Structure formats: structure tokens, C-alpha cells
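Spelled out, the chains give:
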Amino acid sequence: MAELQRRKLYDITAPNRSTGIIGGQSSNILNWDDGRFPWAYPLYKNMLRNFWIPDEVNMAGDVKQWPQLSEDERDTFRKIIGLLAFLDSVQTDYSGKAAAYLTDSSLSALMSVLSFQEVVHNQSYSYVLSSLVPKAEQDAIFEYWRDLPLLRDRNDFIANGYAAFTKDPTPQTFLESIVYDVILEGLFFYCGFAFFYNMARNGKMLGTNTMIRFINRDEELHVRLFTQIFRELLAEHPELDTAENREFVRETFRRAAELEIAWGRHIVGDRFDGITAGELDAYVRFMANKRVHELGIDRPFDGYRRNNLRWIKAYEDNDAGKTDFFESRVTAYKKASDNGFDEL
Ligand code: ZN
Ligand code: ZN
């Protein structure tokens, strides 16, 4: 398959409104009112609306509670922060690499906002740990990704998918890397989120939880961005919309769910009041089904259609104003002039 060309810094012969998501013509000049994708500007506005600053969250209550947590709770807390620090660091970089091949200035702009938000997420992990533990312990937690075998398996799974694209950027490897992206941002965070939300339910570590909720809210929009790009890619390149690729998505999510379930059992298992290993397994399969459905592909697992952790709803803040977002099909988009810009 032909290698993808990077977006030019500027192109004097190309229109401002791009002609394609990849391999298209684009002057690279950003005019939000002259864009190819009507969903891009509303998404941009939502991302900006979510702006937050970690060190404005008060950690005084968490600092008091930290020594009173069980050793198990503290151990899981540290491991999850260690995992998240890896994922957000890698994500900052991957999003920039993927963006380099998008021949559309509005999508590359959205990627810049996404990258920036991943940097904020990493700041929050440093801030949480520097509030709770001595510097040497904080530094050690940022090393977990190297040594914990279960973390290595998960992280390598994602990193190999990304590397296949960066080494050999073609439409096919780009498509595959988006699937790994949606796994990273839309599945691999979620056992960790569930642990923190279960703590909040028990009145524990509410400052940290505030940040986790903000991160969760950001990640939902990141998943939307990549999901939209995936769907646009299939619409623009019907040759990629094959039974093989659809099965690739399902199979990759099945493998990812296994890794997430193994991780969930390791960090949560049946050790904490309010959540069981079986419930968390089912939740992971539900999330995998949800993400694959959002990509416009048949779900990988039979059943698991509803969120079995009903209480988690209270903690997820998913910007309900856009509930029909995934229901709208690529082919059914309104014209740019009808996209509600005037009301914004
Ligand atoms: Zn993030
Ligand atoms: Zn993200």
C-alpha cells in the first residue's frame, strides 16, 4: 500500500477547505468557518469548555485520608497512577505523530488540543503524588511501567500497534493505529477509573477523584475524535472497509479486553468493598462492546449490552448534550452551513 505523505507546512496551490482526511489537498490554513468536517468545531468547543488545572483541585482531604487507607488501597492507588502516567505520556506523543499525516487543518488542530490535554493529565499525576507521598516514592511510581509484567504486556500491546504505523505509515497501518488508540483512551483507563469511583462512593480520596472525573471527561472526547476520524477514513477509503478489517477491530478488542481483565483482577480483584472481580470483568466487556459499536462495527462479545456497574453512571460526566453524536452516520452529516455555528 502506498506510503502516506505528511501534511505540508503550507501549500499555496491547495484550498483551505481540505479535500481528504489523509492524502488530500490542504493549504494547512485553519479557518473554523471553512472546514470539511461539520462536527470538528463543536468538538473543539467542547474540548475547550472542559479546560481544567490540576493544582486548583484541593488535596487537603486526600492528604488526611491517605495514611488511613488500607495498604491494599494504597498499593492499587499507586499502581493505577503509575499506569496512567505511562499511557498519557505515550498518548501525548502518538497524537502528534498521527496528526502529522492528517491533511486537514481542523483535525490537526483538534489533535493539538488533545495532546495538550494529555500533558495536563500527566501534570495531575505528579500533583496527586507530590501531595501524598515523599519525592522518592513519587519517582518510584513513575518507574512502575518498566517493571510490572502485567503493565508491560498492556503497554507493549499498544506501543507495538503505534510503532507499526510510525515505521510504515500507510492508510492500513493508520487505521489499525486508531483502533489501538481507542483501546488506550476508551478501554485501558477504565478499571482504574472504576477503582477510584468506588473509593469516592465510600467517601475516600475525593480530590483525586475530581481529577479522575475530569480526565475521564476529556478521554470521552478524545475517543469521539478518533472514532470520527475512523469513520471518516472508512467513508473516504471504501477499500479499507473490508470484512477483514472489521474482524481485526473485533479481535483486537477481544485481546485488549483480556489484558484489561487480567489487570483489573490484579489491581482490584475481590479485595475491596463495593466491587467484585466478576463485576469488573463484565464491565470491561461492556466497555469493549461500546467502543467497537461506536466505531460502527458489530460488537465483539455476545451480551454485555448494558453497563452492569450502574452506580458508576453518577461519576461519569460524558457531556450528555451530545448524546446522539454516535448515532449520526458519516453519510448523514448536514452541510457545514447548517451545523449550528450561528448559535455558538
Ligand atoms: Zn489522558
Ligand atoms: Zn486522551
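(A) Spotlight on the nonpolar core. Grouped together as the largest cluster of nonpolar side chains are 106 residues, with contacts concentrated most on Phe-77, Leu-110, Phe-174, Ile-229 and Phe-253. Considering each element in turn, this core owes the most residues, twelve residues, to helix α4 (residues 105–132). Discounting residues that sit within four places of it in the chain, Ile-229 has contacts with Ile-21, Trp-39, Leu-102, Leu-107, Met-111, Phe-174 and Ile-178.

(B) Summary view of the coordination of the zinc ion (ligand 1). Listed as protein donors to the zinc ion (ligand 1) are Asp-88 (OD), Glu-118 (OE), His-121 (ND1) and Glu-219 (OE); their distances from the metal cover 1.8 to 2.1 Å. Every donor counted, the four donor atoms about the zinc ion (ligand 1) form angles of 81 to 139° at the centre, which fits irregular coordination. Mapped onto the sequence, the donors of the zinc ion (ligand 1) take the spacing D-x29-E-x2-H-x97-E. Separating the zinc ion (ligand 1) from the zinc ion (ligand 2) is a distance of 3.6 Å, and Glu-118 supplies a donor atom to each of them. With Asp-88 in helix α3 (residues 71–99) and His-121 in helix α4, this pair connects stretches of sequence that are 33 residues apart. Judged on exposure class, the residue Asp-88 and its partner His-121 are both buried.

(C) Region of the structure containing the confidence of the model for the protein chain. Per-residue confidence for the protein chain averages 89 on the pLDDT scale, and 92% of its residues sit at or above 70. Overall, residues 319–344 carries pLDDT values under 50, and its contacts beyond four positions in sequence, including any with other chains, amount to 31 contacts.

(D) Structural detail: the packing of aromatic side chains. Within the structure shown, the criterion is met by 24 aromatic pairs. Ring centres of Phe-86 and Trp-145 lie 5.5 Å apart, and the angle between their planes is 35°; on these two criteria the pair is classed as tilted. Here Trp-145 lies in helix α6 (residues 144–147) and Phe-86 lies in helix α3, a separation of 59 residues in the sequence. Across from the ring centre of Phe-188, 4.2 Å away, lies the NZ or CZ of Arg-154, which sits over that ring. Taking NZ or CZ as reference, Arg-285 lies 5.8 Å from the ring centre of Phe-301, over its face.

(E) Quick peek at a nonpolar patch on the surface. Residues Leu-9, Tyr-10, Ile-12 and Ile-29 make up a contiguous nonpolar surface patch of roughly 540 Å² in combined accessible area. Positionally, Leu-9 belongs in the segment before α1 (40–49).

(F) Representation of helix α10 (residues 206–236) within the structure. Here α10 is 31 residues long and its end C-alpha atoms lie 45 Å apart, about the 45 Å a rise of 1.5 Å per residue gives. Burial runs high along α10: 25 of the 31 residues are buried.

(G) Spatial organisation of the coordination of the zinc ion (ligand 2). Bound to the zinc ion (ligand 2) are the protein donor atoms Glu-118 (OE), Glu-185 (OE), Glu-219 (OE) and His-222 (ND1), situated 1.9 to 2.1 Å from the metal. Note that the zinc ion (ligand 2) binds four donor atoms; their angles at the metal cover 98 to 150°, and the shape is irregular. Taken in chain order, the donor set of the zinc ion (ligand 2) reads E-x66-E-x33-E-x2-H.

(H) Here's a closer look at the pattern of salt bridges. Inspection of every chain in the model, using the stated rule, returns 22 salt bridges. Among the ionic pairs, Arg-17 bridges to Asp-34, the shortest N-O distance being 3.6 Å. Of the two residues, Arg-17 sits in the segment before α1 while Asp-34 sits in the segment before α1, which places them 17 residues apart along the sequence. Residue classification places Arg-17 among the partly exposed positions, given a relative accessible area of 37%. Between Arg-154 and Glu-260 there is a salt bridge, and its shortest N-O distance comes to 2.3 Å. Placement of Arg-154 in helix α7 (residues 149–167) and of Glu-260 in helix α11 (residues 243–267) is noted, with a sequence separation of 106 residues between them. Judged on exposure class, the residue Arg-154 and its partner Glu-260 are both buried.

(I) How the structure looks around the packing of α10 against helix α12 (residues 277–294). Their axes nearest at 9 Å, the elements α10 and α12 cross at an angle of 45°. Relative to α12, the element α10 lies oblique. Every residue of α12 that contacts α10 at Glu-220, Val-223, Thr-227 and Arg-231 is listed here: Lys-290, Arg-291, His-293 and Glu-294. Residues that form the contact of α10 with α12 fall into these classes: one nonpolar, two polar and five charged.

(J) Here's a closer look at the side chain of Glu-220. Tracing the backbone shows Glu-220 in helix α10. There is a polar contact of 2.9 Å between the side chain of Glu-220 and the side chain of Arg-291.

(K) Spotlight on the environment of Leu-175. Inspection of the secondary structure assignment puts Leu-175 in helix α8 (residues 171–186). For Leu-175, a relative accessible area of 1% gives the class buried. Spatially, the C-alpha atoms of Leu-175 and Arg-152 are 24 Å apart, while their sequence positions differ by 23 residues. Leu-175 has contacts with Phe-230, Leu-233, Leu-234, Leu-240 and Asn-245, leaving out every residue within four places of it along the chain.

(L) Layout of the environment of Met-287. The topology assignment puts Met-287 in helix α12. Here Met-287 falls in the buried class, since its relative accessible area comes to 2%. Between the C-alpha atoms of Met-287 and His-237, which are 50 residues apart in sequence, the distance is 27 Å. Discounting chain neighbours no more than four positions away, the residues touching Met-287 are Gly-186, Leu-187 and Tyr-190.

Conventions adopted
Residues numbered from 1 in each chain as written. Chains lettered and ligands numbered in written order. Predicted model: local features only at pLDDT ≥ 70, side-chain atom pairs only at ≥ 80, totals over all residues. Heavy atoms only, no water. Core = buried A, V, L, I, M, F, W, Y, C linked by side-chain atoms within 4.5 Å. Buried < 20%, exposed > 50% of the residue type's maximum accessible area, 1.4 Å probe, protein only. Helix = DSSP H or I, 4+ residues; strand = E, 2+ residues; numbered from the N terminus. Contact = heavy atoms within 4.5 Å. Donors = N, O, S within 2.8 Å, 3.2 Å for Na, K, Ca; no water. Tetrahedral: all angles 85-135°; square planar, octahedral: opposite > 155°, others 65-115°. pLDDT = per-residue confidence, 0-100. Phe/Tyr/Trp six-rings, centres within 6.5 Å; stacked < 30°, edge-to-face > 60°. Lys NZ or Arg CZ within 6 Å of the ring centre and 35° of its normal. Patch = residues over 30% accessible without salt bridge, like charges linked within 9 Å, V, L, I, M, F, W, Y side chains within 5 Å. Areas by Shrake-Rupley, 256 points an atom, 1.4 Å probe, with all protein chains shown as cover. Salt bridge = Lys/Arg side-chain N within 4 Å of Asp/Glu carboxyl O. Expected span 1.5 Å × (residues − 1). Axes fitted to C-alpha atoms, helices over the stretch in contact; angles between N-to-C directions. Parallel < 35°, antiparallel > 145°, perpendicular 65-115°, else oblique. Nonpolar A, V, L, I, M, F, W, Y, C, P; charged D, E, K, R; others polar. Polar contact = N/O pair within 3.5 Å; in protein donor to acceptor, adjacent residues only side chain to side chain.

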